[in-house]
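Summary of structural features
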Amino acid sequence: MAGRAQMIDDLLTTLDNPDNSPDRCTMFVGARGSGKTALITYLAQEARARGWIASNVTATKGMLEDIFQQASAASSHLIDDASSVHLASVSVAALGGVDFTRD
């Protein structure tokens, strides 16, 4: 990360800002081998350490599914995925019926 201290500091300050806007976006552009992936990987680790959810994927077919899976796994402790099903009613008519509700 040599020579990138100011850029890293600026980006991490943005993550730490409680008034952070979801409209902010950063694009990294550079020649092959210039360290873009290393920088993004480092920033993702720092973001995770600050409570953010980060997904590291490769731009290939199925990339969005990879992002979804990684984000779901990383946020599983925040989301109560266990929905409970309750028997709501039972009726005995000509053929009968059963109704369930899901929270």
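Presented here is an overview of the structure given in this document. (Residues numbered from 1 in each chain as written. Predicted model: local features only at pLDDT ≥ 70, side-chain atom pairs only at ≥ 80, totals over all residues. Heavy atoms only, no water.)

Topic: the environment of arginine 4
As for its placement among the helices and strands, arginine 4 is situated in the segment before α1 (5–16). With 35 residues separating them in the primary sequence, arginine 4 and leucine 39 have C-alpha atoms 8.7 Å apart. Other than its neighbours up to four places away in sequence, arginine 4 contacts Ser34, Gly35, Lys36 and Leu39. A distance of 2.6 Å separates a polar atom in the side chain of arginine 4 from the backbone oxygen of serine 34. (Helix = DSSP H or I, 4+ residues; strand = E, 2+ residues; numbered from the N terminus. Contact = heavy atoms within 4.5 Å. Polar contact = N/O pair within 3.5 Å; in protein donor to acceptor, adjacent residues only side chain to side chain.)

Some thoughts on helix α2 (residues 36–49)
Here α2 spans 20 Å end to end across 14 residues, near enough to the 20 Å set by a 1.5 Å rise per residue. All of the buried residues along α2 are Leu39, Leu43, Ala44 and Ala47. One face of α2 carries all of its buried residues, which in axial projection span an arc of 135°. With respect to the buried face of α2, the exposed residues turned more than 90 degrees away are Thr37 and Ala49. Buried residues belonging to α2 abut α1. Glycine 51, located one to two residues past α2, shows a positive phi value of around 95°. (Expected span 1.5 Å × (residues − 1). Buried < 20%, exposed > 50% of the residue type's maximum accessible area, 1.4 Å probe, protein only. Arc of directions from axis to C-beta.)

Quick notes on the environment of methionine 63
Positionally, methionine 63 belongs in helix α3 (residues 63–74). Judged by its relative accessible area of 28%, methionine 63 is partly exposed. Once residues lying within four places of it in the same chain are set aside, the contact partners of methionine 63 are Val57 and Thr58.

Description of the nonpolar core
Of all hydrophobic cores here, the largest spans 5 residues; its members are Ile8, Leu11, Leu12, Leu39 and Leu43. Those elements that place two or more of their residues in this core are α1 and α2. With 3 residues, the single largest contributor to this core is α1. Among residues more than four places away in sequence, those in contact with isoleucine 8 are Met1, Leu39, Tyr42 and Leu43. (Core = buried A, V, L, I, M, F, W, Y, C linked by side-chain atoms within 4.5 Å.)

Here we look at the packing of α1 against α2
Relative orientation and spacing of two packed helices are given, respectively, by the angle between their axes and the distance between those axes. Remark: α1 packs on α2, axes separated minimally by 11 Å, with the N-to-C direction vectors making an angle of 35°. Classified by chirality, the crossing of α2 by α1 is right-handed. On α2, the residues that touch Met7, Ile8, Leu11, Leu12 and Leu15 of α1 are Leu39, Tyr42, Leu43, Glu46 and Ala47. Grouping the amino acids of the contact of α1 with α2 by side-chain chemistry returns 9 nonpolar, no polar and 1 charged. (Axes fitted to C-alpha atoms, helices over the stretch in contact; angles between N-to-C directions. Left-handed = near helix turned anticlockwise from the far one by under 90°. Nonpolar A, V, L, I, M, F, W, Y, C, P; charged D, E, K, R; others polar.)

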